[in-house]
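Analysis of the macromolecular model
These are the residues of each chain, in order.
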Amino acid sequence: MELKVSTLAERPEMIERVVGMADTWPEFVVQDLVGNAHYGRIAHELPQYVQFAEDERGEVVAHAYSVPFALAAEGRGRLPARGWDQVLVWAFADLRGGIRPDTVSAISVVIAPHAQGGGLSARMLSAMRDNARAHGFGEVVAPVRPNAKHLEPHTPIEEYARRVRPDGLPHDPWLRVHARAGATIDSVAPASMTVAGSLEQWRDWTGLPFDTAGDIEVPGALVPVRCEPERDHAVYVEPNVWMRHPL
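Reading the values: the criteria
- Residues numbered from 1 in each chain as written.
- Predicted model: local features only at pLDDT ≥ 70, side-chain atom pairs only at ≥ 80, totals over all residues.
- Heavy atoms only, no water.
- Phe/Tyr/Trp six-rings, centres within 6.5 Å; stacked < 30°, edge-to-face > 60°.
- Helix = DSSP H or I, 4+ residues; strand = E, 2+ residues; numbered from the N terminus.
- Buried < 20%, exposed > 50% of the residue type's maximum accessible area, 1.4 Å probe, protein only.
- Polar contact = N/O pair within 3.5 Å; in protein donor to acceptor, adjacent residues only side chain to side chain.
- Contact = heavy atoms within 4.5 Å.
- Pairing = 2+ DSSP bridges.
- Right-handed = clockwise from strand over helix to strand, strands pointing away.
- Expected span 1.5 Å × (residues − 1).
- Arc of directions from axis to C-beta.
- 1 Å grid on protein atoms, 1.4 Å probe; cavity = no way out; pocket = protein on both sides within 12 Å on 5 of 7 lines; lining within 4 Å.
- Points joined across faces, edges and corners; volume = space filled by probe spheres on them.
- Nonpolar A, V, L, I, M, F, W, Y, C, P; charged D, E, K, R; others polar.
- Salt bridge = Lys/Arg side-chain N within 4 Å of Asp/Glu carboxyl O.

1. Considering the packing of aromatic side chains
Each aromatic ring pair is characterised by the separation of its centres together with the angle its planes make. Throughout the structure, instances matching the rule amount to 7 aromatic pairs. Arranged with centres 6.1 Å apart and planes meeting at 25 degrees, the rings of phenylalanine 69 and tryptophan 90 form a pair that is stacked. Note that phenylalanine 69 is positioned in strand E3 (residues 60–69) and tryptophan 90 in helix H3 (residues 83–97), a separation of 21 residues in sequence. The same class applies to phenylalanine 69 as to tryptophan 90, namely buried. Through successive ring pairs, a cluster of aromatic residues spans Phe28, Trp202, Trp205, Phe210 and Tyr236.

Below, the structure written as structure tokens:
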């Protein structure tokens with residue numbers, strides 16, 4: 001597939017098509033309140049860190065979001081246990097406060113449903129790395145959502161993240177794409193995203209009954225969702241795997 005990769009800073013007229021591109025996220029994943037408060041801001045406030053790919057017909061088939069932030073700022077220094085949520089908060093706090101960033105964090109790589117399976121994720125990850133390098137950064141970090149972990153929701157994330165194939169590459173396909181690009185695992189973010197809602201909301205998001213106390217397996221969830229009918233709520237706390245890409 002012949003691709004043209006641009007940033008929204010270069011092509012601001014494309015914002016609606018980029019933001020409106022179809023995706024395959026499970027409904028419950030997009031209910032994270034921190035993500036809802038900040039993710040949409042990236043395209044408008046940090047367009048130079050939003051890249052998108054067009055195919056030969058000019059159709060947007062992929063996009064990659066990242067954010068710059070100050071990892072070395074006081075009180076930080078290490079990649080946060082609250083992963084994806086925390087780095088979004090840090091990035092926009094730094095932008096608001098005029099704090100000079102020293103690191104770029106990947107936020108998402110999304111491939112249009114009809115274009116999946118063709119290696120686009122690796123190409124967009126490479127474009128994200130190149131973009132960070134062009135902006136003068138020496139490292140990209142990524143709170144990676146392992147894309148086959150949902151098949152093993154009860155496997156501890158530390159065990160899953162460290163599992164390798166005979167060739168030494170990670171067992172998980174998305175972790176493997178990052179490793180092939182030169183990244184190494186830094187740590188696990190045990191509470192990278194939190195989605196809490198009433199039982200009625202969880203029924204709407206998943207189509208499941210959510211009428212039993214305890215851990216509920218939900219399609220697409222990396223770990224079980226904790227259901228407490230007597231309190232009329234359920235909570236999903238998603239782990240991610242921090243990977244570091246030296247540039």
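2. Let's talk about the side chain of aspartate 94
Within the secondary structure layout, aspartate 94 lies in helix H3. Side-chain polar atoms of aspartate 94 contact the backbone nitrogen of alanine 70, separated by 2.8 Å. Excluding residues that lie within four positions of it along the chain, aspartate 94 makes contacts with Phe69, Ala70, Arg76 and Ile99.

3. Quick look at the environment of glycine 119
Residue placement: glycine 119 occurs in the loop between strand E4 (103–111) and helix H4 (120–134). What makes glycine 119 partly exposed here is its relative accessible area of 37%. Put simply, glycine 119 and valine 177 are 58 residues apart on the chain and 9.3 Å apart in space, counted from C-alpha to C-alpha.

4. Here we look at the pairing of strand E5 (residues 139–144)
Counting buried positions along E5 yields 6 of 6 residues, so the element is predominantly enclosed. Residues of E5 alternate between two faces, with Glu139, Val141 and Pro143 on one and Val140, Ala142 and Val144 on the opposite face, all of them buried. Pairing geometry for E4 and E5, over 2 bridges, is parallel. Each bridged residue has a counterpart across the sheet, and for valine 104 the counterpart in E5 is valine 140. Following the chain from E4 across H4 to the adjacent parallel E5, one finds a crossover that is right-handed. Pairing analysis gives 6 bridges linking E5 to strand E9 (residues 233–246), with the strands arranged antiparallel. When the bridges of E9 are listed, valine 141 appears paired with arginine 244.

5. Section: helix H2 (residues 33–45)
Its 13 residues place the ends of H2 19 Å apart at the C-alpha level, agreeing with the 18 Å of an ideal helix rising 1.5 Å per residue. Of all the residues in H2, the buried ones are Gly35, His38, Ile42 and Ala43. The buried residues of H2 all sit within an arc of 150 degrees when viewed along its axis, so they share a single face. In H2, those exposed residues whose orientation departs by more than 90 degrees from the buried face are Leu33 and His44. Here the buried face of H2 lies against helix H1 (15–19), strand E2 (50–54), E3, H3 and E4.

6. Quick look at the layout of surface pockets
The volume enclosed by the largest pocket comes to roughly 1300 Å³. Lining the largest pocket are 48 residues, and of these Trp25, Ser108, Val109, Val110 and Ile111 sit closest to its centre. When contributions to the lining of the largest pocket are tallied by element, the ones reaching two or more residues are H1, H2, E3, E4, H4, E5, helix H6 (173–180) and E9. Tallied by class, residues from the lining of the largest pocket come to 27 nonpolar, 17 polar and 4 charged. Space inside the second largest pocket adds up to approximately 150 Å³. If you trace the second largest pocket, you find it lined by Gln31, Asp32, Leu33, Val34, Arg82, Asp85, Ala191, Thr194, Val195, Ala196 and Trp205. Considering only residue class, the lining of the second largest pocket consists of 6 nonpolar, 2 polar and 3 charged.

7. Some remarks on the environment of alanine 234
Its location among the elements puts alanine 234 in strand E9. According to the relative accessible area criterion, alanine 234 is buried, its value standing at 0%. Placed 136 residues apart in sequence, alanine 234 and glycine 98 show a C-alpha to C-alpha distance of 38 Å.

8. With respect to the side chain of aspartate 55
Along the polypeptide, aspartate 55 turns up in the loop between E2 and E3. In terms of polar contacts, aspartate 55 uses its side chain to reach the backbone amide nitrogen of glutamate 59, at 2.9 Å. Excluding residues within four positions of it along the chain, aspartate 55 makes contact with Met1, Glu2, Leu3 and Val61.

9. Remarks on the pattern of salt bridges
Scanning all chains against the criterion turns up 17 salt bridges. In this structure, glutamate 238 engages arginine 145 in a salt bridge whose closest nitrogen and oxygen atoms are separated by 2.8 Å. Taken together, the residues glutamate 238 in strand E9 and arginine 145 in the loop between E5 and helix H5 (157–162) connect sequence positions 93 residues apart. In this structure glutamate 238 comes out as buried when scored by relative accessible area, which is 1%. A salt bridge links glutamate 228 to arginine 231, with the shortest nitrogen-to-oxygen separation between them at 2.7 Å. In this structure glutamate 228 comes out as partly exposed when scored by relative accessible area, which is 21%. Judged by relative accessible area, arginine 231 falls into the exposed class, the value being 54%.

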